[in-house]
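Residue strings, one per chain:
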Amino acid sequence: MGRAPLRPVGTGLAIGPQAPQELLRRALAQALAKLAGQPVSAALCLFSPSLARIAPDAIRQVMRQLSCLRLLVATVPGVITEEGYALGENACAVLLLAPPLGLSPVTAQVQGQTILSMARLEQCRDAWLQRVPRMGFLSGRGTRFWQNAQPVPGPCEALVEGATCLQVAYSPGMRPLNAPLAVSLQEGNLLLRLERYSALPLLAQSLPFSIREEARLPLERLLVGELRPGQSSAVPPQWINIRATDLNRSGLWLERCLAADARAFFALRDPQVAQRDTRMALGAARAGQPAPDFAWVSSSVGRDAAFFSGSDRDHALWQEFFPGVPCIGAYDLAEIAPMQDENRVLRYSKAFYLFSAQTECA
């Protein structure tokens, strides 16, 4: 029997207390071994935040080592590959691409092709967000980007070349607690009533019994979903955090006010629902096309091992549905995905972007 063809992709992951250069060296060695001598057309290196001060000389050294003129570097809250993940630890994840895959600059002529996009929250303006189809993440102020060895002040983006098949597997992980109701009374960020119901009592009545038994209201897991008039059911709602309760006025303090013409409902970030959503999304992706050559993963920091009480179940499901398929990704503050002809900014979700170097989709 002949050998299976090599994938034009290699990943590496290094976690530990070592200096950034040492973690990068270890991750690169793993990725190069998987390429088995194929030339490197592009590289992506992700570092955890504490490694933000990696020296430009180290980046230039990697470019010389790989004979590669296209290198993207970013610092993120946490990193993911098919072999593991790290959040809150020193880590380095590496993706190496070989022809026909690659990463190229985004120009004004790019139309219809999906762009790998990385930005800080304050850099995500609508003109940039909607110019082309995007996949990627938004992170905090501590995030830094480099293209080759040059710092990038604005969003960092690249066209994924040679990838002719792309599918997005999206897992929201939200459990709706009540039907959407019209916003009838709010004062600034204080939500007082949905239709004729006072907000706080309505939330309390909508909670599952297991949550009602808890000693405190888990506001970090509860959200308000906002639906605008005419919004398609295929488009996720805008998720709004609940900051505090107002017992005196039976209201809820939100991170922002709702649109006056919106409908709203309460939802719970639920680990079991998240696992179900991920299983369904990855199952559909596996049925819809041949095994991809690699995937990019955007994961909310709220979908980490702690959310699943021990280990990242989303990651385990990736290994179950796509064993051995390389992936790289980041834990972030918001996810970007193209949906219904628009780029959507998502929250508390997991999104898998599947790429194939095949010339035709099944």
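The structure this text deals with has already been given above.
Residues numbered from 1 in each chain as written. Predicted model: local features only at pLDDT ≥ 70, side-chain atom pairs only at ≥ 80, totals over all residues. Heavy atoms only, no water.

**Student:** Just to check I follow, could you spell out the sheet that holds strand β7 (residues 102–104) for this structure?
**Tutor:** Strand pairs in the sheet, formed through backbone hydrogen bonds, run parallel or antiparallel to each other. Across the sheet, which stays open at both edges, the six strands sit in the order β7-β12-β8-β9-β24-β25 with mixed pairing between neighbours. Because the sheet does not close on itself, it has two edges, and the strands there are β7 and β25 (342–346). Averaged over all pairs of adjacent strands, the angle between their axes in this sheet comes to 25°, without regard to strand direction. Judged from the four bridges that link them, strand β8 (residues 115–120) and strand β12 (residues 156–161) form a sheet pairing that is antiparallel. Each residue of the ladder has a partner; that of Ser117, found in β12, is Glu157. (Pairing = 2+ DSSP bridges. Helix = DSSP H or I, 4+ residues; strand = E, 2+ residues; numbered from the N terminus. Axes fitted to C-alpha atoms, helices over the stretch in contact; angles between N-to-C directions.)

**Student:** What is the right way to look at the pattern of salt bridges in this model?
**Tutor:** A side chain of one charge can pair with a side chain of the opposite charge when the charged atoms of the two come close. The final tally for this structure, using the stated rule, is 20 salt bridges. When the shortest N-O distance is used, the salt bridge between Arg134 and Glu157 registers 2.7 Å. One end of the pair, Arg134, is in strand β9 (residues 134–139); the other, Glu157, is in strand β12, with 23 residues separating them in the sequence. The exposure classification of Arg134 matches that of Glu157, with both residues buried. Close ionic contact of Glu220 with Arg216 constitutes a salt bridge, the shortest N to O distance being 3.1 Å. Shared partners join several salt bridges into a network, and the residues in it are Arg303, Asp312, Asp314 and Lys350. (Salt bridge = Lys/Arg side-chain N within 4 Å of Asp/Glu carboxyl O. Buried < 20%, exposed > 50% of the residue type's maximum accessible area, 1.4 Å probe, protein only.)

**Student:** Just to check I follow, could you spell out the packing of aromatic side chains for this structure?
**Tutor:** Each pair of aromatic rings is reported with the distance of its centres and the angle of its planes. The tally for this structure, following the rule as stated, stands at six aromatic pairs. A ring pair is formed by Phe307 and Phe308, whose centres lie 4.9 Å apart and whose planes are at 75°; its orientation type is edge-to-face. Across the pair, exposure class does not vary: Phe307 and Phe308 are buried alike. Through pairs of rings, three or more aromatic residues link up here, namely Trp318, Phe322 and Phe352. (Phe/Tyr/Trp six-rings, centres within 6.5 Å; stacked < 30°, edge-to-face > 60°.)

**Student:** Any chance you could explain helix α4 (residues 199–206) here in plain terms?
**Tutor:** Burial in α4 covers these residues: Ala199, Leu200, Leu202, Leu203 and Ser206. The buried residues of α4 occupy an angular sector of 160° when projected down its axis, which confines them to one face. (Arc of directions from axis to C-beta.)

**Student:** I keep staring at the pairing of strand β20 (residues 251–254) and nothing clicks. Help me out?
**Tutor:** In the case of a regular strand, side chains alternate between the two sheet surfaces. Two strands pair when backbone bridges link them, and strand β16 (residues 190–194) and β20 are joined in this way by two bridges, in the antiparallel orientation. Bridged to Leu190 within β20 is Trp253. Judged from the four bridges that link them, strand β19 (residues 238–246) and β20 form a sheet pairing that is antiparallel. Residue pairing across strands places Ile242 opposite Leu254, the latter belonging to β20. The hairpin formed by β19 and β20 contains four residues between the paired strands, and Ser250 there has a positive phi angle of roughly 55°.

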